[in-house]
Amino acid sequence: MANYLVTGASSGIGRAVVGELVKHQHCVFAMTRDAHHAADIVARYGENNVITVVEDLQNIASLEKTMRPLINKYGSFAGLAHCGGIVRFESIRKLSYDRNLEMMQIHYFALVELLRILTFKKDRHQIFSAVAVTSAAAVRSMRDMVAYSAAKAAVEGFVRSASQELLENNIYINALRPGFVDTPMLEVAKFVHDNFDTWLKQQQPLGTIPSEAVASEVVHLLLRDNPYVVGTIVDVNGGMPVY
């Protein structure tokens, strides 16, 4: 049994990743910003399998204060699944600096900071694995999603650029790039496009991807079932062309 941190654990892909790791009999630290969601996670998976961490990824400065006591108490972590995120549909004209910063904090800055915290005092020979969930929006033009697309692209750039340096310290990092997934975020998109189901089918021939289908791939990478995959962006796209 190893310790894994999962962000965005209250719903969607993050919650499904928690479930997959519990099936593998690992100890899961489920991070959510809502205490009520934390209680739901424990009720669903059991207090013997999951330890909830109530923290807002936007509060970068407080992440270490939250995580350091857990590391001291439960020992080192074997991996991080960064699934937390938000999406907002806004035109460029309405997009403010604060909105841009919020997106970068939650998607990109939080990933880099948590990776630093969890591996700072790691034994050089201990293997650590990280997987960041990005989006097809990182490489595909999507209207009114500038800030979200930029933040996800930053994550992918970090994964590719940092992977070689991290590998020197036995830190393996990859990203998983899904298309449209059956999560609460998708509900937001339904208000943006008329005849959403028809539009989605045109974009993604296989339709909405179940969260569990993405989560299984995240865990596949996280547990290093194929140890030769590193610095890679893996697509789970439902047939959506992403290039």
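Just above, that's the structure.
Residues numbered from 1 in each chain as written. Predicted model: local features only at pLDDT ≥ 70, side-chain atom pairs only at ≥ 80, totals over all residues. Heavy atoms only, no water.

Draft legend 1. Local environment of unusual backbone geometry. Positioned with a positive phi, Asn170 is a non-glycine residue whose angle comes to about 60°. Relative to the helices and strands, Asn170 resides in the loop between α5 (146-167) and β6 (171-178). The class of Asn170 is partly exposed, set by a relative accessible area of 21%. Positive phi, close to 55°, is recorded for Arg224, a residue that is not glycine. (Helix = DSSP H or I, 4+ residues; strand = E, 2+ residues; numbered from the N terminus. Buried < 20%, exposed > 50% of the residue type's maximum accessible area, 1.4 Å probe, protein only.)

Draft legend 2. The packing of aromatic side chains, seen in detail. Throughout the structure, instances matching the rule amount to four aromatic pairs. On the basis of an interplanar angle of 50° and a centroid distance of 5.4 Å, the ring pair of Tyr108 and Phe109 is categorised as tilted. In this structure Phe109 comes out as partly exposed when scored by relative accessible area, which is 33%. Among the aromatic residues, ring-to-ring pairing joins Phe29, Tyr74 and Phe77 into one connected group. The ring of Tyr172 carries the charged tip of Arg224 above its face, separated from the ring centre by 3.8 Å. (Phe/Tyr/Trp six-rings, centres within 6.5 Å; stacked < 30°, edge-to-face > 60°. Lys NZ or Arg CZ within 6 Å of the ring centre and 35° of its normal.)

Draft legend 3. Molecular detail of the packing of helix α1 (residues 12-23) against helix α8 (residues 211-222). For the pair α1 and α8, the least separation of the axes is 8 Å and the interaxial angle reads 55°. In terms of orientation, α1 lies oblique with respect to α8. The way α1 lies across α8 gives a crossing that is right-handed. Contacts between α1 and α8 pair Gly12, Ile13, Ala16, Val17, Glu20 and Leu21 from the former with Ser211, Glu212, Val214, Ala215, Ser216, Val218, Val219 and Leu222 from the latter. (Axes fitted to C-alpha atoms, helices over the stretch in contact; angles between N-to-C directions. Parallel < 35°, antiparallel > 145°, perpendicular 65-115°, else oblique. Left-handed = near helix turned anticlockwise from the far one by under 90°. Contact = heavy atoms within 4.5 Å.)

Draft legend 4. The sheet that holds strand β4 (residues 79-82), seen in detail. Across the sheet, which stays open at both edges, the seven strands sit in the order β3-β2-β1-β4-β5-β6-β7 with parallel pairing between neighbours. Only two strands of the sheet have a single neighbouring strand rather than two, namely β3 (50-54) and β7 (233-236). On average, each strand axis in the sheet is inclined to that of its neighbour by 20°, with strand direction left out of account. Strand direction decides the pairing type here: β6 and β7, joined by four bridges, are parallel. If you follow Pro178 over to β7, its bridge partner there is Val236. Strands β1 (3-7), β2 (27-32) and β3 of the sheet are contacted by helix α3 (residues 63-74), whose axis makes an angle of about 155° with β3. (Pairing = 2+ DSSP bridges.)

Draft legend 5. Geometry of the packing of helix α4 (residues 97-119) against α5. At a minimum axis distance of 8 Å, the contact between α4 and α5 shows a crossing angle of 20°. For the element pair α4 / α5, the angle class is roughly parallel. The element α4 and its partner α5 pack so that their crossing is right-handed. Of α5, the residues touching α4 (which contributes Asn100, Met103, Met104, His107, Tyr108, Leu111, Val112 and Leu115) are Ala147, Tyr148, Ala150, Ala151, Lys152, Ala154, Val155, Phe158 and Leu166.

Draft legend 6. Structural detail: the pattern of salt bridges. Tallied over the full model, the rule gives eight salt bridges. Across the pair Arg116 and Glu64 runs a salt bridge whose closest N-O atoms are separated by 2.7 Å. Within this pair, whereas Arg116 is found in helix α4, its partner Glu64 is found in helix α3, the two being separated by 52 residues in sequence. We classify Glu64 as partly exposed; its relative accessible area is 27%. With its nearest N and O atoms 2.8 Å apart, the salt bridge here joins Arg177 to Glu156. Highlighted residues: Arg177 in strand β6 and Glu156 in helix α5, separated in sequence by 21 residues. You can call Arg177 buried: its relative accessible area is 1%. Its relative accessible area of 1% is what places Glu156 among the buried residues. (Salt bridge = Lys/Arg side-chain N within 4 Å of Asp/Glu carboxyl O.)

Draft legend 7. Here's a closer look at the pairing of strand β5 (residues 128-133). Counted residue by residue, β5 has six buried out of six residues, so it is predominantly covered. Residue alternation in β5 divides its side chains into two sets, Phe128, Ala130 and Ala132 and Ser129, Val131 and Val133, and both sets are buried. As paired strands, β4 and β5 are joined by four bridges and run parallel to one another. Pairing of Ala81 across the sheet is with Val131, part of β5. After leaving β4, the chain enters α4 and then returns to the sheet as β5, a path that is right-handed. Taken together, β5, α5 and β6 constitute a β-α-β crossover, and its handedness is right-handed. (Right-handed = clockwise from strand over helix to strand, strands pointing away.)

By themselves these figures say nothing about function.
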